[in-house]
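# Structural characterization, general
Each chain, letter by letter, is given below.
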Amino acid sequence: MASHGARGRSGGRPTLEEVAARAGVGRGTVSRVINGSPRVSDATRAAVEAAVAELGYVPNTAARALAANRTDAIALVVPEPETRFFAEPYFSDMLRGVGAAMSDTEMQLLLIFAGSDRERNRLAQYLAAHRVDGVLLVSVHADDPLPDMLSQLEIPAVISGPRSASETLTSVDSDNYGGARQAVEHLIGRGRRTIAHITGRLDVYGAQRRVDGYRDALREAGREVDELLIEPGDFSEDGGRRAMAALLERRPDLDAVFAASDVTAAGARHALRDAGRRIPDDVALVGYDDSAIARHMDPPLTSVRQPIQEMGRAMIDLLLAEVADRRPPASRGLERRQMVLATELVGRASS
């Protein structure tokens, strides 16, 4: 009987109408039950669910998505070259967090690179066709046109870190300012007197906030901020090596370095060793991210842990809430959330 009941009257897949007839309700009521509407009594819901089970009815998710003007797809957009995505643990940790959060949904995740003008133009055409329900933007620079384009297209979006203090899109970030303060206060507490900073890309707001935290931690400890001890970097290993070499040439008396990422710190370590400086005997070194690189470095690297996977999960939660909000964007007002997650200093042998 069970195998016979799993087919409709036509011998094919059971239809919504056949479920309605079996449950003794209208087609619209069945649709409301399947879509989880609260506007159905418990008795009616039970009757529909029993009919669905008896007939073996499987909802047509594609049709449901079309009717709701949905694609059931989310795009994770990375406006960086692919080489950087695969070289830096930040991106893989973010992807891991996003993927874990989406595993409980029926939505698909699309990974899209937009590091060149050609890729951005192609992405603009793709998004203009509304082929995704929402977008996660990771590693956004101040002059990046993608966030404003998403706003114009009225596509729900969440970014990993605001572009500025006046960000208009929903964002999730770690406490870059507080994390940098923790790093510098740690070095001051270890008796270091001449503390340098290798920055990240300064068109990234998070990197700017780390510089602010570095400066304020020194000032509050009664230290002067020496601009010769601040060297621009770009979050890369090569950038860290170059910046460290420049700092050593300019201020050979430095005895500590706070690097804006673990990858940058790895490059700085190479330059310090090339110069015959011992870590931490001669120069203490602190990174940022607390990635696998920090744990496996020799000596193991003290680093500021930012909860990257948790950030990815929070981004998905916020984005799905925006996707589910079917109100026209104009009626939502300024309901944009700026979530900031706490950081933690993880002490190791490098400092």
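The structure we're discussing is the one just above.
Now for a quick tour of the structure. Quick caveat: nothing in here was measured; it's all calculated off a predicted structure. (Residues numbered from 1 in each chain as written. Predicted model: local features only at pLDDT ≥ 70, side-chain atom pairs only at ≥ 80, totals over all residues. Heavy atoms only, no water.)

## Observations regarding the side chain of Asp-290
Mapped onto the elements of the fold, Asp-290 is located in the loop between β9 (284-289) and α14 (292-296). A relative accessible area of 13% means that Asp-290 is categorised as buried. Within the structure, the side chain of Asp-290 is placed 2.9 Å from the side chain of Arg-348, a separation counted as a polar contact. Discounting chain neighbours no more than four positions away, the residues touching Asp-290 are Asp-262, Arg-295, Ser-303, Val-304, Arg-305, Val-346 and Arg-348. (Helix = DSSP H or I, 4+ residues; strand = E, 2+ residues; numbered from the N terminus. Buried < 20%, exposed > 50% of the residue type's maximum accessible area, 1.4 Å probe, protein only. Polar contact = N/O pair within 3.5 Å; in protein donor to acceptor, adjacent residues only side chain to side chain. Contact = heavy atoms within 4.5 Å.)

## Some words on the sheet that holds strand β7 (residues 230-231)
The sheet built from six strands is open, its strands ordered β7-β6-β8-β9-β10-β12 with mixed pairing. Strand pairing shows two members of the sheet lacking a second neighbour, β7 and β12 (344-346), which therefore form its edges. Strand direction decides the pairing type here: strand β8 (residues 256-259) and β9, joined by three bridges, are parallel. Following the sheet pairing, Ala-256 is matched in β9 by Ala-284. Set on the sheet, helix α13 (residues 262-274) makes contact with β6 (195-198), β8, β9 and β10 (302-305); between it and β9 the angle comes to about 155 degrees. (Pairing = 2+ DSSP bridges. Axes fitted to C-alpha atoms, helices over the stretch in contact; angles between N-to-C directions.)

## What to know about the packing of helix α12 (residues 237-250) against α13
Close contact between α12 and α13 brings their axes to 6 Å; oriented N to C, the two are set at 45 degrees. Regarding the angle of α12 to α13, the classification is oblique. In this structure, the crossing between α12 and α13 has a hand that is right-handed. Contact with α12, carried on its side by Glu-237, Gly-240, Arg-241, Met-244, Ala-245 and Leu-248, involves Val-263, Thr-264, Ala-266, Gly-267, Ala-268, His-270, Ala-271, Leu-272 and Asp-274 of α13 and no other residues of that element. (Parallel < 35°, antiparallel > 145°, perpendicular 65-115°, else oblique. Left-handed = near helix turned anticlockwise from the far one by under 90°.)

## Here we look at the environment of Phe-91
Examined against the element boundaries, Phe-91 turns out to sit in helix α7 (residues 89-102). Considering only alpha carbons, one finds Phe-91 and Gly-312, 221 residues apart in sequence, at a separation of 9.9 Å. With near-sequence residues (within four places) excluded, Phe-91 lies in contact with Val-78, Glu-80, Arg-84, Phe-85, Val-138 and Ser-139.

## Remarks on the pairing of strand β1 (residues 73-78)
Among the six residues of β1, six are classified as buried, and the element is accordingly described as predominantly covered. Burial along β1 is two-sided: the residues Ala-73, Ala-75 and Val-77 and Ile-74, Leu-76 and Val-78 are all buried. The pairing of β1 with strand β2 (residues 108-113) spans six bridges and is classified as parallel. Each bridged residue has a counterpart across the sheet, and for Ala-75 the counterpart in β2 is Leu-110. The pairing of β1 with strand β3 (residues 134-137) spans four bridges and is parallel. Among the inter-strand pairings, Ile-74 is bridged to a residue of β3, identified as Gly-134.

## Description of the pattern of salt bridges
All chains considered together, the criterion is met by 23 salt bridges. Between Arg-348 and Asp-290 there is a salt bridge, and its shortest N-O distance comes to 2.9 Å. In this pair, Arg-348 sits in the segment after β12 while Asp-290 sits in the loop between β9 and α14, placing the two residues 58 residues apart along the sequence. For Arg-305, the salt bridge goes to Glu-310, with nearest N and O atoms at 3.1 Å. (Salt bridge = Lys/Arg side-chain N within 4 Å of Asp/Glu carboxyl O.)

## Digging into helix α2 (residues 16-23)
When we look at burial in α2, the residues that qualify are Leu-16, Glu-18, Val-19, Ala-20 and Ala-23. As for α2, its buried residues are in contact with α3 (27-34) and α4 (42-55). Of the residues flanking the end of α2, it is Gly-24, one or two places downstream, whose phi is positive at about 75 degrees.

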